[in-house]
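# A look at the structure
The residues making up each chain are set out below.
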Amino acid sequence: MEVIKNYGDEELLQAIRDDINMDAAMRYLYRNYFEGLSIYVQQNQGNRQDAEDIFQETIVAFIQLVQQNRFRGDASIKTFLFAINKNTWLNELKRRGRAGVREAKFETAKETVDEGISMYIAGRESRIQVLEIMDKLGEGCKKILLAFYYENLSMKEILNTMNYENDQVLRNKKHKCLKQLEQLLTADPALAKTLKAALQYGQ
Amino acid sequence: MDNNNTNTERLIRYLDGELSEAESEALRTELANNTAMQQELDNLVLTKGVIRNYGLSQKVSGIHQAMMLEMTAPAKPVVRSLPKMMMRIAAAIIILAGLFGLYQYLAVSPGNLYNDQYTAYQVATMRGTTNAGNIEKAYSEKKDDQVILLYRQTANPTANEQFLAAQAYLNLSNLNNAIMLFNTLLEKNKATNTDTLNDDAEYYLALSYLKKNETTKALPLFKKIHDDKDHLYHDKISSWYLSKLKLLNWKN
């Protein structure tokens, strides 16, 4: 039976920064903020599915911004999430060409979050392209790269779960996969540029 | 292995934090003078970031599915078996009945039951009375003390005068004298085989006993009135009232 953990703002931020028990932290965000934030989307031309999609992206953005120390903590988590959710949705409306009068609202709303966050949100479409690119990698490549770069597993730990002769063979495979993905990403210079700006890498 | 591949290999090891400090320093120096190599490192850093972003998106997506199921799951209907439900209803009824009984038990008192029943006897309703004497006049004027005084001065009071005197005593809460006079009247009727004011006397005698909280004596009289459909006061004594009297008697 799952024990439902409750967090204070600072405790939650610390857990996300340190990547501790992320599942519980994400579940907490859903339980406490999903309904409230989904209302905004549904009251502004969105439906339930839109609200769910936007909230998912809000959570991804929130976690990455916290881990990049881009959340300064001068607003509550609730306010910050609301700003991301709102901007992501207005951006999506704009993308769908339904902005119209909302265009003005969008431009105004953008001012409520800093430039870097806006850029992150604006990179949404690029990240959708990334999903397609990742699907072009084989399952084996995807699994190795995620295990090493996202789950932070050592080569030895990965070797235990995959069928490779030895550590060196696995290492070579990982390098090839990384290079392959790099080439897929940089094949479209515009995409690479947007992603760099959106994800603030290298900082 | 050509030079490009070697550089890529070194850059990936640098990205993964696998180079020694000296190797890293040498690479950084090289990067400062090699734009193409720096560009490749930037691309690898971007690629790593994209992988992390993808991993996180996949993770959130998994949590999202689970949370949507959890948050939209309908509340489990409470299924109760029929016997269990009947027992619950029965228990509820018993509890309510118990509470009602407790309330009645606490609320019942001689004063309450007396006030529920008592209405002052009206001379105008006196049946068969033609003698509008002084006692009756005083009683009509609600001068109970005067009624008693006149009664005491009367050498041979009639049944009517005796009854009115008993009523006056009852009004003045002189219950012993009221009871004595009502009883005397009833005994005389019995002895002479008459029924002058007999029903009235029985009813007010019962009330006198009740007011005095002698329920063991009041109860048989009220029961007799309740059981006798021809009794003048039969309609005034309901089964419910009799039950409350029994409760009071039990309480006493």
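Here's what I pulled together on the structure shown here. Keep in mind that what you see is a predicted model, and the values were worked out from it rather than measured.

### Remarks on the overall build of chain A
A tally of regular secondary structure across chain A gives 11 helices and zero strands. Mapped in sequence order, the helices and strands of chain A form the string α-α-α-α-α-α-α-α-α-α-α. The buried share of chain A, taken over its 203 residues, is 47%. Summarising the internal contacts of chain A: among those between residues at least 6 apart in sequence, 60% fall at separations of at least 24. Entry remark: accessible area of chain A is about 10,300 Å², with carbon and sulfur atoms responsible for 49%.

### Structural notes on the overall build of chain B
The secondary structure content of chain B amounts to 12 helices and zero strands. Taking all 252 residues of chain B together, 39% fall into the buried category. Counting only contacts in chain B whose residues sit at least 6 apart along the sequence, the fraction spanning at least 24 positions is 55%. For chain B, the exposed area adds up to about 14,600 Å²; of that, 55% sits on carbon and sulfur atoms.

### Quick notes on helix α11 (residues 215–227) of chain B
Residues and elements named next belong to chain B. For α11, with 13 residues, the first-to-last C-alpha span of 18 Å sits near the 18 Å given by 1.5 Å per residue. Among the residues making up α11, those that are buried are Thr215, Ala218, Leu219, Leu221, Phe222, Ile225 and His226. Against α10 (198–211) and α12 (239–251) lie the buried residues of α11.

### A closer look at the state of the cysteines
Residues and elements named next belong to chain A. According to the stated counting rule, one finds one disulfide over all chains in the structure shown. Note that cysteine 141 is cross-linked by a disulfide to cysteine 177, the S-S spacing being 2.0 Å. Linking cysteine 141 and cysteine 177, the disulfide has an S-S dihedral of approximately -75 degrees and is accordingly described as left-handed. You can see cysteine 141 sitting in helix α8 (residues 139–150) and its partner cysteine 177 sitting in helix α10 (residues 167–186), a full 36 residues away along the chain.

### Remarks on the interface of chain A and chain B
The interface of chain A with chain B comprises 44 residues on the first partner and 36 residues on the second. In total, chain A and chain B occlude about 3,800 Å² of area from one another, counting both sides; carbon and sulfur atoms represent 68% of this. Interface area lost by chain A to chain B is led by Tyr30, Tyr149 and Tyr150 of chain A, which between them contribute 17%. Put simply, chain A and chain B have five salt bridges between them.

### A look at the packing of aromatic side chains
The relation between two aromatic rings is expressed through the spacing of the ring centres and the mutual angle of the planes. All chains considered together, the criterion is met by 23 aromatic pairs over all chains. Taking 4.8 Å as the distance between ring centres and 70 degrees as the angle between the ring planes, the aromatic pair formed by tyrosine 30 of chain A and phenylalanine 55 of chain A counts as edge-to-face. Of the two residues, tyrosine 30 of chain A sits in helix α2 (residues 22–42) while phenylalanine 55 of chain A sits in helix α3 (residues 48–67), which places them 25 residues apart along the sequence. Just as tyrosine 30 of chain A is buried, phenylalanine 55 of chain A falls in that class too. With centroids separated by 5.7 Å and ring planes inclined at 65 degrees, the aromatic side chains of tyrosine 105 of chain B and tryptophan 250 of chain B adopt a geometry described as edge-to-face. On the criterion of sequence distance, the pair formed by tyrosine 105 of chain B in helix α4 (residues 82–107) and tryptophan 250 of chain B in helix α12 is long-range, its members being 145 residues apart. For tyrosine 105 of chain B, a relative accessible area of 28% gives the class partly exposed. Through a chain of ring-to-ring contacts, three or more aromatic side chains come together here, namely Tyr114, Tyr118, Tyr121, Phe163, Phe182, Tyr203, Tyr204 and Tyr233 of chain B. Here the basic side chain of lysine 174 of chain A rests over the ring of phenylalanine 148 of chain A, its NZ or CZ set 4.0 Å away from the ring centre.

### Notes on the side chain of histidine 231 of chain B
All names here are of chain B. Following the sequence through the fold, histidine 231 ends up in the loop between α11 and α12. A relative accessible area of 4% places histidine 231 in the buried class. In terms of polar contacts, histidine 231 uses its side chain to reach the backbone amide nitrogen of tyrosine 233, at 3.1 Å.

### Notes on the nonpolar core
For soluble globular proteins, nonpolar side chains are generally found buried alongside one another. With 70 residues, the main nonpolar core has Tyr30, Phe62 and Ile77 of chain A as its most contacted residues. Broken down by element, this core gets its largest block of residues, 12 residues, from helix α3 (residues 35–72) of chain B. Residues Leu113, Ala168, Leu207 and Tyr233 of chain B belong to the second largest nonpolar core, which totals 46 residues.

### Side note on a nonpolar patch on the surface
On the surface, a cluster of nonpolar side chains totalling about 510 Å² of accessible area is made up of Leu82, Met85, Met86, Ile89 and Ile93 of chain B. Counting through the fold element by element, methionine 86 of chain B comes out in helix α4.

### Some points on helix α8 (residues 159–171) of chain B
Residues and elements named next belong to chain B. Here α8 spans 18 Å end to end across 13 residues, near enough to the 18 Å set by a 1.5 Å rise per residue. Of all the positions in α8, only Asn160, Glu161, Gln162, Phe163, Leu164, Ala165, Ala166, Gln167, Ala168, Tyr169 and Leu170 are classed as buried. Summarising the contacts, the buried residues of α8 are in contact with α5 (110–117), α6 (134–140), α7 (144–153), α9 (175–192) and α10. Immediately downstream of α8, the backbone of serine 173 shows phi near 60 degrees, a positive value.

### Observations concerning the packing of α8 of chain B against α9 of chain B
Residues and elements named next belong to chain B. It is the contact of α8 with α9, at a shortest axis distance of 7 Å, that shows an interaxial angle of 155 degrees. Taken as axis vectors, α8 and α9 run roughly antiparallel relative to one another. Once α8 is placed against α9, the crossing between them reads as left-handed. Judged by residue contacts, Ala159, Gln162, Phe163, Ala165, Ala166, Gln167, Tyr169 and Leu170 of α8 engage Leu175, Asn177, Ala178, Leu181, Phe182, Thr184, Leu185 and Lys188 from α9. A class-by-class count of the residues in the contact of α8 with α9 yields 11 nonpolar, four polar and one charged.

### As for the environment of arginine 27 of chain A
Among the secondary structure elements, arginine 27 of chain A is positioned in helix α2. Placed 22 residues apart in sequence, arginine 27 of chain A and lysine 5 of chain A show a C-alpha to C-alpha distance of 8.8 Å.

Thresholds, definitions, all that
Residues numbered from 1 in each chain as written. Chains lettered and ligands numbered in written order. Predicted model: local features only at pLDDT ≥ 70, side-chain atom pairs only at ≥ 80, totals over all residues. Heavy atoms only, no water. Helix = DSSP H or I, 4+ residues; strand = E, 2+ residues; numbered from the N terminus. Buried < 20%, exposed > 50% of the residue type's maximum accessible area, 1.4 Å probe, protein only. Contact = heavy atoms within 4.5 Å. Areas by Shrake-Rupley, 256 points an atom, 1.4 Å probe, with all protein chains shown as cover. Expected span 1.5 Å × (residues − 1). Disulfide = S-S within 2.5 Å. Buried area = accessible area lost by both parts, 1.4 Å probe. Salt bridge = Lys/Arg side-chain N within 4 Å of Asp/Glu carboxyl O. Phe/Tyr/Trp six-rings, centres within 6.5 Å; stacked < 30°, edge-to-face > 60°. Lys NZ or Arg CZ within 6 Å of the ring centre and 35° of its normal. Polar contact = N/O pair within 3.5 Å; in protein donor to acceptor, adjacent residues only side chain to side chain. Core = buried A, V, L, I, M, F, W, Y, C linked by side-chain atoms within 4.5 Å. Patch = residues over 30% accessible without salt bridge, like charges linked within 9 Å, V, L, I, M, F, W, Y side chains within 5 Å. Axes fitted to C-alpha atoms, helices over the stretch in contact; angles between N-to-C directions. Parallel < 35°, antiparallel > 145°, perpendicular 65-115°, else oblique. Left-handed = near helix turned anticlockwise from the far one by under 90°. Nonpolar A, V, L, I, M, F, W, Y, C, P; charged D, E, K, R; others polar.

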